[in-house]
Structures are given as C-alpha cells and as structure tokens.
Amino acid sequence: MGQGFGQEMPRPHVRANLRGVTRYLVIVPVMDSPIARLFLENREQAAEFDANTEEVSSMIKGIAPSVGATGVEWDKSLSAHSATDRAQATIYDLVSHRGR
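Residues numbered from 1 in each chain as written. Predicted model: local features only at pLDDT ≥ 70, side-chain atom pairs only at ≥ 80, totals over all residues. Heavy atoms only, no water.

(A) Geometry of unusual backbone geometry. Of note in this structure, Arg-43 is not a glycine but carries a positive phi near 70°. Residue position: Arg-43 is located in the loop between strand 2 (35–40) and strand 3 (45–50). (Helix = DSSP H or I, 4+ residues; strand = E, 2+ residues; numbered from the N terminus.)

Structure, rendered in structure tokens:
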C-alpha cells in the first residue's frame, strides 16, 4: 500500500522544458487602444493584452524604452502590423532592466 495511508500517492513531477523568461514588452499603438505584447528572447509571442491595464504600468516602471520595431528581428513577430504602427511601437527590455 505504500505510505499513502489508503490514498493514492501523487505521481512524480515531470521534468518538462518550461517556457523561457519573457524578455520584451512591446506596446503597439492601434486605432482603438494600444496593444501590449510580451515576447520571449527569440521574439516568440508569449501574451497579448490591452496596454491600458495597471499591470503594464507596473511592468514598465523605471525602464527606459526604445521606440520603433522596424528592424528585421521584429519582421516575423510583428508582421500583422503596418510599418507605421511598428515605427511607433515602444519596446521595453524587461530582462536587461532586472540586472541593474
């Protein structure tokens, strides 16, 4: 019976690869309201939500952004946006800020 005292023992944890650390927060201005997108280091999108939320304010507090996501590294990730939207996008590097 084991040490479960009549109850089934939990299975051992599976060692699976977890998603990487979110590196970039990109705020893209669109007609209705800005969109916040979180990206991994390889610029794979991890999440998308309304940029007018309180969470966004707390994530970017104290981080100096760069403006414009027009580089080739953003071509695939932001292909759904116009060149104008990408040029106006604000990029926050969340990982490099943590090291300070």
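(B) The pattern of salt bridges, seen in detail. The tally for this structure, following the rule as stated, stands at 4 salt bridges. For Asp-75, the salt bridge is made with Arg-86, and the minimal N-O distance between the two is 2.8 Å. Here Arg-86 lies in helix 2 (residues 83–88) and Asp-75 lies in the loop between strand 4 (66–67) and helix 2, a separation of 11 residues in the sequence. Residue class for Asp-75 comes out partly exposed when judged on its relative accessible area of 34%. A relative accessible area of 11% means that Arg-86 is categorised as buried. Salt bridges linked by common partners bring Arg-23, Glu-41 and Asp-93 together as one network. (Salt bridge = Lys/Arg side-chain N within 4 Å of Asp/Glu carboxyl O. Buried < 20%, exposed > 50% of the residue type's maximum accessible area, 1.4 Å probe, protein only.)

(C) Highlighting the sheet that holds strand 3. Taking strand neighbours across the sheet as the criterion, the 5 strands line up as 3-2-1-5-4 in an open arrangement whose pairing is antiparallel. At either end of the open sheet lies a strand with only one pairing partner, and these are strand 3 and strand 4. By the bridge criterion, 5 bridges tie strand 2 to strand 3 in an arrangement that is antiparallel. Bridge pairing in strand 3 places Arg-37 opposite Glu-48. (Pairing = 2+ DSSP bridges.)

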